[in-house]
Every structure is written in structure tokens, then in C-alpha cells.
Amino acid sequence: EVPFTPLKKPLSECCITIASTSDVAMKSEQNTLSDVDKLTSVGNVYEIPSDVKATDLFSKQEHYDRHATNLDDVNAYFPVTRLHEFVVRGRLGSVAPYLYGVYTAYSQKRTLEIDAPEVLKRCRENNVDVAVLTPV
């Protein structure tokens, strides 16, 4: 069983978000759990406002192949700028008010039973049609 659904409308009319395991955070929140995180986190899921600039983000991820890549280009693993560019070009309808992060828990059971349903719930609350999944 594949958990994907065909689109019911063209991408140019869709609301889109990001769901990522990149442990992305706002630079102002570096090394602290912000009040926003405390209010919006459920399990391993947290929100980032979609109007944030990529230059204001960084990844707290410590577990990636440092010999093969780096985390300098936020848009490579959390393409917020690209989504907004596609809206301006008319290729996407809109960007959802929030983008979602999921702290890596290394537990398929937790992902299936807690984190994925929470992301889906939030997507539905924000009328999201498409979620771009970006693992790190």
C-alpha cells in the first residue's frame, strides 16, 4: 500500500508545504528551545512560519555524511525559497502558513504512530494539498 494520492487539481492551484527531518531552526533560536517550539511541538513535530527567509535558517543536524555534503545551502534540504519562487511564477498556488520539521527519532513505530499523523493533521488544518518530503 502506497500512502500517496493523485492530485485532484493542478499544482498551480495547490497549497504546498515542506515536511523535513533536517532539524532546521531559526538562527535566533540557536542553542535554545524557543517559546514557539514549546507551544507548537507535538512529539517530534514542530512548525516554522513559511514567510521565513532561508538566510535566517540553519540545521542543527549532526548526523550526516560530512565528506559528501554540507549544510551551508538551506534550500538544498529545506527549499523554502524555491517554493515561493514557484508561486510567483504561477507553477504553485500558494505556500502553506507553516512548514514542518520532524526531529529524527530513529523509530519507525514512532514515525508511523505519532509523528506522521501529527504532520498530516497539521497539513489538513492548513488546507495543504502537497507536502514536499526532505530527509537529511
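Residues numbered from 1 in each chain as written. Predicted model: local features only at pLDDT ≥ 70, side-chain atom pairs only at ≥ 80, totals over all residues. Heavy atoms only, no water.

## Observations concerning the confidence of the model for the protein
- On average, residues of the protein score 83 in pLDDT, and 79% of them are at 70 or above.
- Across the protein, element-level confidence peaks in strand E5 (residues 94-95) with a mean pLDDT of 98 and bottoms out in helix H1 (residues 35-40) with 46.
- Scored below 50 in pLDDT, residues 31-39 makes 5 contacts in the model with residues more than four places away or belonging to other chains. (pLDDT = per-residue confidence, 0-100. Helix = DSSP H or I, 4+ residues; strand = E, 2+ residues; numbered from the N terminus. Contact = heavy atoms within 4.5 Å.)

## Concerning the packing of aromatic side chains
- Scanning the entire structure with this criterion turns up 1 aromatic pair.
- Look at Tyr46 and Tyr103: their rings are 4.4 Å apart centre to centre, the planes differ by 25°, and that puts the pair in the stacked class. Taken together, the residues span a long stretch of sequence, with Tyr46 in strand E3 (residues 45-49) and Tyr103 in the loop between strand E6 (98-102) and helix H4 (108-125) at a distance of 57 residues.
- When its relative accessible area of 1% is taken as the criterion, Tyr46 is described as buried.
- Given the relative accessible area of 22%, Tyr103 is considered partly exposed. (Phe/Tyr/Trp six-rings, centres within 6.5 Å; stacked < 30°, edge-to-face > 60°. Buried < 20%, exposed > 50% of the residue type's maximum accessible area, 1.4 Å probe, protein only.)

## Notes on unusual backbone geometry
- At Asp23, a position not held by glycine, the phi torsion is positive, near 50°.
- One non-glycine residue, Asn127, lies in the positive phi region at around 55°.
- With respect to the helices, strands and loops of the structure, Asn127 is situated in the loop between H4 and strand E7 (130-134).

## Some remarks on the nonpolar core
- Counting 19 residues, the largest nonpolar core has Val24, Ile48, Leu57 and Phe78 as the members making the most contacts within it.
- If you list the elements that add at least two residues to this core, you get strand E1 (15-20), E3, helix H2 (74-77) and helix H3 (80-88).
- Contact partners of Leu57, with chain neighbours within four places excluded, come to Val24, Ala25, Met26, Lys27, Ile48, Val52, Val74, Phe78 and Val80.
- Ranked by size, the runner-up nonpolar core spans 9 residues in total, among them Val45, Val119, Cys123 and Val128. (Core = buried A, V, L, I, M, F, W, Y, C linked by side-chain atoms within 4.5 Å.)

## Side note on the side chain of Asn75
- Mapping Asn75 onto the fold places it in helix H2.
- Asn75 gets classed as buried once you look at its relative accessible area, which sits at 13%.
- Among the polar contacts made by the side chain of Asn75, one reaches the main-chain amide nitrogen of Val80 at a distance of 3.3 Å.
- Among the polar contacts made by the side chain of Asn75, one reaches the main-chain amide nitrogen of Thr81 at a distance of 2.9 Å.
- Other than its neighbours up to four places away in sequence, Asn75 contacts Ala54, Val80, Thr81 and Arg82. (Polar contact = N/O pair within 3.5 Å; in protein donor to acceptor, adjacent residues only side chain to side chain.)

## Description of the environment of Ser12
- Examined against the element boundaries, Ser12 turns out to sit in the segment before E1.
- Separated by 78 residues in sequence, Ser12 and Gly90 place their C-alpha atoms 5.8 Å apart.
- Setting aside chain neighbours within four positions, we find Ser12 in contact with Gly90, Arg91, Leu92 and Gly93.

## Notes on the environment of Asp73
- As for its placement among the helices and strands, Asp73 is situated in the loop between strand E4 (57-59) and H2.
- On the basis of relative accessible area, Asp73 is assigned to the partly exposed category, the value being 43%.
- It is 9.7 Å that separates the C-alpha atoms of Asp73 and Leu57, two residues lying 16 residues apart in sequence.
- Separated by 3.1 Å, the side chain of Asp73 and the backbone nitrogen of Asn75 make a polar contact.

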